[in-house]
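Overview (structure and organization)
Letter by letter, the chains look like this.
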Amino acid sequence: MPQNNTFKAGILGTGSFLPENKLTNKDLERMVDTSDEWIVSRTGIKERRIAPPSMTTSYMATEAAKKAIEDAKITAEDIDLIIVATVVPDMNFPSTACLVQANIGAINAAAFDIEVGCSGFIYGLSIAKQFIENGTYKYVLVIAADILSKITNWEDRNTCVLFGDGAGAAVVGQVENGYGILDNFIGADGKGGMHLYMPAGGSRMPACEESVKNKLHTIHMNGQEVFKFAVNVMNTATIEVLNRCGLKPEDVDIFIPHQANIRIIDAAMKKLKLSKEKVFINLDKYGNMSAASVAVALDEALKAGKIKNGDIILMVAFGAGLTWGSTVIKWLE
Ligand code: ACO
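Residues numbered from 1 in each chain as written. Predicted model: local features only at pLDDT ≥ 70, side-chain atom pairs only at ≥ 80, totals over all residues. Heavy atoms only, no water.

1. With respect to the overall build of the chain
A tally of regular secondary structure across the chain gives 11 helices and 13 strands. The C-alpha radius of gyration computed for the chain amounts to 19 Å, which stays within 12% of the reference 20 Å derived for 333 residues, consistent with globular compactness. For the C-alpha atoms alone, the extent of the chain along its principal axes is close to 55 × 45 × 35 Å. A buried classification covers 55% of the 333 residues belonging to the chain. Of the contacts made within the chain by residues no fewer than 6 positions apart, 76% connect residues no fewer than 24 positions apart. Split by element, the accessible area of the chain, about 14400 Å² in all, is 51% carbon and sulfur. Computed over 33 positive and 38 negative side-chain charges, the inter-centroid distance for the chain is 5 Å. (Helix = DSSP H or I, 4+ residues; strand = E, 2+ residues; numbered from the N terminus. Rg over C-alpha atoms; globule rule 2.2 N^0.38 Å. Buried < 20%, exposed > 50% of the residue type's maximum accessible area, 1.4 Å probe, protein only. Contact = heavy atoms within 4.5 Å. Areas by Shrake-Rupley, 256 points an atom, 1.4 Å probe, with all protein chains shown as cover. Lys, Arg positive; Asp, Glu negative; His and termini not counted. Charge placed at Lys NZ, Arg CZ, Asp CG, Glu CD.)

So, in structure tokens, the structure goes:
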């Protein structure tokens, strides 16, 4: 189908959902050999939200989606496609997107999941942009939802202090030309896949007594390698997407980075010479919520009135895969 030049893909509404239960650094001090001082100084995280045992990814995704649909002033029946980015689906199949489709009654929507770790929301937006701008679909619902607490080894201090649960959603549709998602840059480096992975539960090592005993259904991470990758890719993915848009770091009004570690964000800001006032941070309250981090941060920034008409929003994420994604949006109120 020919590219339509009369409109662009943009975000029409956002929503998010966070479980109520807070797990503080003090709580973690009672669970593993760690301290509030270590966690804050090494990561910037003070507390995170943890879903109750009965809560599922599809539940959180559904709650975030309902708010985004309301915000976009459309109905669930208007939606043509649902994309859910998650690494903790309710089940291997059916997809979490199909479960959400049933929950919200989006009877006209196709639905699928994508699995790109913390880069999921930006991958989702870039897929949605294609469907909107080639005229195939009018409304695409992009949801990023993860319950990492369910795949965390709560005896491993290297990982259990980092993560939290949450979901964010955006309705993508047509906006006036010159606004919306100006461009994206998504990429992957599969050679680094084993730096951040869950060993068991797939075809490589199906669930068995041994895999459960050895906690192989939990996150395994080489923190230092992921850290080095993240600092580098936050910089390169930002420069690349800004170049594609003909923009410079100083043109950015608000920078919404993946909320993994304040030291990674600080290093990126320094390299890019971005001022602190332009950066949106909520990792102190929520930790790293995987794909949901950027989506929730965007929703919070909007609801807090930090984004106004015509602002240039830059979002950058990195995650399991290894993957990365960056996007630039010119906001249309
Ligand atoms: N409390 C106290 N000490 C700890 C803790 C803890 N929670 N965790 C590790 N340590 C110890 C280590 O055992 C080590 O001790 P040693 O020197 O006696 O061996 C020491 O602290 C230093 O460990 P490092 O790993 O060097 O600490 P570092 O400064 O690198 O910080 C961290 C670790 C926070 C994990 C960092 O490497 C990081 O943020 N990496 C990136 C992780 C990330 O972003 N992951 C998410 C990717 S996105 C996704 O898809 C989910």
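2. Focus: the domain arrangement of the chain
According to the domain assignment, the chain consists of domain 1 (7-178) and domain 2 (182-330). The C-alpha-based centres of domain 1 and domain 2 are spaced at 14 Å. Summed over both partners, the interface of domain 1 with domain 2 buries about 3700 Å², with 63% contributed by carbon and sulfur atoms. At the boundary of domain 1 with domain 2, the tally comes to one salt bridge. Put simply, K303 and D71 hold a salt bridge, and the shortest N to O gap is 4.0 Å. The tally of links between domain 1 and domain 2 comes to 18 residue pairs in polar contact (both at pLDDT 80 or more). Sort the elements by how many residues they give to the side of domain 1 that touches domain 2 and helix α5 (residues 120-133) lands first, with seven residues. In the side of domain 1 that touches domain 2, the residues fall into 19 nonpolar, 19 polar and 11 charged. (Domains from an automatic or database assignment. Buried area = accessible area lost by both parts, 1.4 Å probe. Salt bridge = Lys/Arg side-chain N within 4 Å of Asp/Glu carboxyl O. Polar contact = N/O pair within 3.5 Å; in protein donor to acceptor, adjacent residues only side chain to side chain. Nonpolar A, V, L, I, M, F, W, Y, C, P; charged D, E, K, R; others polar.)

3. Quick look at the site of the ligand
As a structural note, the neighbourhood of the ligand is formed by 24 residues, with T34, R42, C118, Q224 and N261 the closest of them. At a separation of 3.4 Å, a nitrogen atom of the ligand approaches a polar side-chain atom of W38. Between the ligand and G223 there is a distance of 3.0 Å, counted from a nitrogen atom to a backbone nitrogen or oxygen. Computed on the free molecule, the ligand has an accessible area of 1000 Å², of which 76% lies beneath the protein chains in the complex. If you list the elements that add at least two residues to the shell around the ligand, you get α2 (36-43), α6 (157-160), α8 (223-245) and β12 (312-319). Take the shell around the ligand: its biggest share by element is four residues, from α8. Considered class by class, the residues forming the shell around the ligand number 11 nonpolar, nine polar and four charged. (Near = heavy atom within 4 Å.)

4. Here's the deal with unusual backbone geometry
Here the residue pair F93 and P94 is connected by a cis peptide bond, since its omega of 0° sits within 30 degrees of zero. Notably, K215 is not glycine yet its phi reads approximately 55°, a positive angle. Inspection of the secondary structure assignment puts K215 in the loop between α7 (209-213) and β10 (220-221).

5. Structural notes on the packing of aromatic side chains
Under the criterion given, the structure shown has five aromatic pairs. Measuring from ring centre to ring centre gives 6.1 Å for F229 and W324, while their planes differ by 55°; the resulting arrangement is tilted. Remark: W324 occurs in strand β13 (residues 323-330) and F229 occurs in helix α8; sequence separation between them is 95 residues. Of the residues examined, W324 reaches a relative accessible area of 15% and is grouped as buried. Aromatic rings pair up to connect F185, F229, F318 and W324 into one cluster. For K330, the ring lying beneath its charged end belongs to Y179, and the centroid distance is 5.2 Å. (Phe/Tyr/Trp six-rings, centres within 6.5 Å; stacked < 30°, edge-to-face > 60°. Lys NZ or Arg CZ within 6 Å of the ring centre and 35° of its normal.)

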